[in-house]
Amino acid sequence: MPPLPPVTQALMLICTAVFCVQWLWSSAVVWLALWPLASGNFAPWQVLTYVFLSADLTGLIFTLLGLWLFGSSLEQLWGQRRYIQMLVVCGLSAAIVGLLAGWLLGSGLPEIGLSGAMFGLLLAYAMLFPDRQIMLLIPPIPVKAKIAVMVFAGLALLLSLLGGGGFASFAHLAGGMLGGWLMILYWRGRLPFGGGGGGGGARRRR
């Protein structure tokens, strides 16, 4: 299991603290969740704050586990600055695609949680460490990273759909993955508008 670098550790602590706030003050969801544009509850800051919320204890544990297993290694590889850039881009792209899908479908349900941004991290991890061995917790067997990522992504999608979000939630998760893919292409200089310094898989200074 990877160690906990500072940004990942801070994000895990923030998500846990916000979950406690949700439990003590239920109105936090109204202010911080990402509401559909036509709901009357939408506010601009929600495209950033929604990622710190959790639907329930299972969602929180899933988020913390994903950050530990996958986010830690990416932060160690990229450094803090690029890791934060990836999280922000994936979170924003997930928010934008989710809002568009909710608007087209007339959804009235809010999006909460880090799952959209997590899908971007999962894609990056599978691209950079496809054959790395990861020890599963249940059952405790080693598997290649690309298999672990597919299992983790499938569970995240299942939890999202069970939450009642339907296609809007699926679009939200796909939006996070799209943001991660575009960011890696940009860092590697493979987008039409130029590169971001090259070597998305190289270690970066903080």
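Above this text you will find the structure in question.
What you see is a predicted model; the values in this text were computed from it and never measured.

A.B. asks: Whenever I open this one, the overall build of the protein chain confuses me. Can you help?
C.D. replies: In terms of regular secondary structure, the protein chain is built from eight helices and two strands. Counting only residues that meet the buried cut, the protein chain has 45% of its 206 residues in that class. Of the accessible surface of the protein chain, which amounts to about 10,400 Å², a share of 72% is contributed by carbon and sulfur atoms.

A.B. asks: Quick question: what am I supposed to make of the packing of aromatic side chains here?
C.D. replies: Aromatic ring pairs: the centre-centre distance and the angle between the two ring planes describe each pair. Enumeration over the complete set of coordinates arrives at four aromatic pairs. Taking 6.3 Å as the distance between ring centres and 15° as the angle between the ring planes, the aromatic pair formed by Trp-31 and Trp-45 counts as stacked. With Trp-31 in helix 2 (residues 28-32) and Trp-45 in the loop between helix 2 and helix 3 (46-49), this pair connects stretches of sequence that are 14 residues apart. The class of Trp-45 is partly exposed, set by a relative accessible area of 43%. Ring geometry for Phe-70 versus Tyr-125: centroids 5.0 Å apart, planes at 80°, classification edge-to-face. You can see Phe-70 sitting in helix 4 (residues 57-78) and its partner Tyr-125 sitting in helix 6 (residues 115-128), a full 55 residues away along the chain. Here the two residues Phe-70 and Tyr-125 agree in accessibility, since each one is buried. Put simply, the rings of Phe-70, Tyr-125 and Phe-129 touch in pairs and so form one group of aromatic residues. For the cation-ring pair, Arg-132 lies above Phe-129, with the distance from its terminal atom to the ring centre recorded as 4.0 Å.

A.B. asks: Sorry if this is basic, but what is going on with helix 5 (residues 80-105) here?
C.D. replies: For helix 5, which comprises 26 residues, the first-to-last C-alpha distance of 37 Å matches the rise-based estimate of 38 Å (1.5 Å per residue) to within 8%. One or two steps after helix 5, the chain reaches Gly-106, where phi turns positive at roughly 70°.

A.B. asks: Which parts of the structure should I look at to understand the environment of Leu-77?
C.D. replies: When you line up the elements, Leu-77 lands in helix 4. Separated by 51 residues in the primary sequence, Leu-77 and Leu-128 have C-alpha atoms spaced 9.7 Å apart.

A.B. asks: Whenever I open this one, the nonpolar core confuses me. Can you help?
C.D. replies: The nonpolar side chains of soluble globular proteins are, as a tendency, buried together. Ranked by internal contacts, the top residues of the largest apolar core, which has 46 residues, are Leu-74 and Trp-78. Contributing elements (two or more residues each) for this core: helix 1 (6-24), helix 4, helix 5, helix 6, helix 7 (145-162) and helix 8 (166-187).

A.B. asks: Help me out: how do you make sense of the side chain of Thr-63 in this one?
C.D. replies: Turning to its location among the elements, Thr-63 is positioned in helix 4. For Thr-63, a relative accessible area of 10% corresponds to the buried category. Those residues within four positions of Thr-63 in sequence are excluded, and the remaining contacts are Cys-15, Leu-114 and Met-118.

A.B. asks: Is there a simple way to think about the pattern of salt bridges in this case?
C.D. replies: Pairing between side chains of opposite charge can happen when the charged atoms of each approach one another. Enumeration over the complete set of coordinates arrives at one salt bridge. Lys-144 is the partner of Asp-131 in a salt bridge, and the nearest nitrogen-oxygen pair spans 3.7 Å. Taken together, the positions of Asp-131 in the loop between helix 6 and strand 1 (133-135) and Lys-144 in strand 2 (residues 142-144) put the pair 13 residues apart, joining distant regions of the chain.

A.B. asks: I keep staring at the packing of helix 1 against helix 4 and nothing clicks. Help me out?
C.D. replies: Geometrically, a packed helix pair is captured by the angle between its two axes and the distance between the axes. The N-to-C vectors of helix 1 and helix 4 enclose an angle of 170°; their axes lie 9 Å apart at closest approach. Accordingly, the angle class assigned to the pair helix 1 and helix 4 is roughly antiparallel. Every residue of helix 4 that contacts helix 1 at Pro-6, Val-7, Thr-8, Leu-11, Met-12, Cys-15, Thr-16 and Phe-19 is listed here: Leu-57, Leu-60, Thr-63, Leu-64, Leu-67, Trp-68, Gly-71, Ser-72 and Glu-75.

Basis of the calculations
Position numbers for residues count from 1 along each chain, tracking the sequence in the order it is written. Two thresholds apply to this predicted model, a pLDDT of at least 70 for residue-level local features and 80 or more for giving and counting side-chain atom pairs, whereas whole-chain, interface and lining totals are computed over all residues. With hydrogens and water excluded, all non-hydrogen atoms of the structure serve as input to the side-chain values. Runs of E in the DSSP output that reach at least two residues are strands. Runs of H or I that reach at least four are helices, and both are numbered from the N terminus. Categorising residues by exposure relies on relative accessible area from a 1.4 Å probe, with only protein chains included: less than 20% of the type maximum marks a residue as buried, more than 50% marks it as exposed, and the intermediate range marks it as partly exposed. Reported accessibility uses the Shrake-Rupley method at a 1.4 Å probe radius. Residues are deemed covered only where the shown protein chains occlude them. Pairing of aromatic rings covers Phe, Tyr and Trp, the last through its six-membered ring, and needs centres within 6.5 Å; plane angles under 30 degrees mean stacked, over 60 mean edge-to-face, and all others mean tilted. We call a charge positioned above a ring when the Lys NZ or Arg CZ atom is no farther than 6 Å from the ring centre and deviates by at most 35 degrees from the ring normal. Helix span is expected to be 1.5 Å times the residue number reduced by one. Each nonpolar core is a collection of buried residues, namely Ala, Val, Leu, Ile, Met, Phe, Trp, Tyr and Cys, held together in the definition by side-chain atoms within 4.5 Å. Contact definition: two residues touch when any of their heavy atoms are within 4.5 Å. Criterion for a salt bridge: a side-chain nitrogen of Lys or Arg within 4 Å of a carboxyl oxygen of Asp or Glu. Note on geometry: axes are C-alpha line fits, over the in-contact stretch for helices, and angles between N-to-C directions span 0 to 180 degrees. Should an angle fall under 35 degrees it is taken as roughly parallel, and over 145 as roughly antiparallel, whereas 65 to 115 is taken as roughly perpendicular and any remaining angle as oblique.

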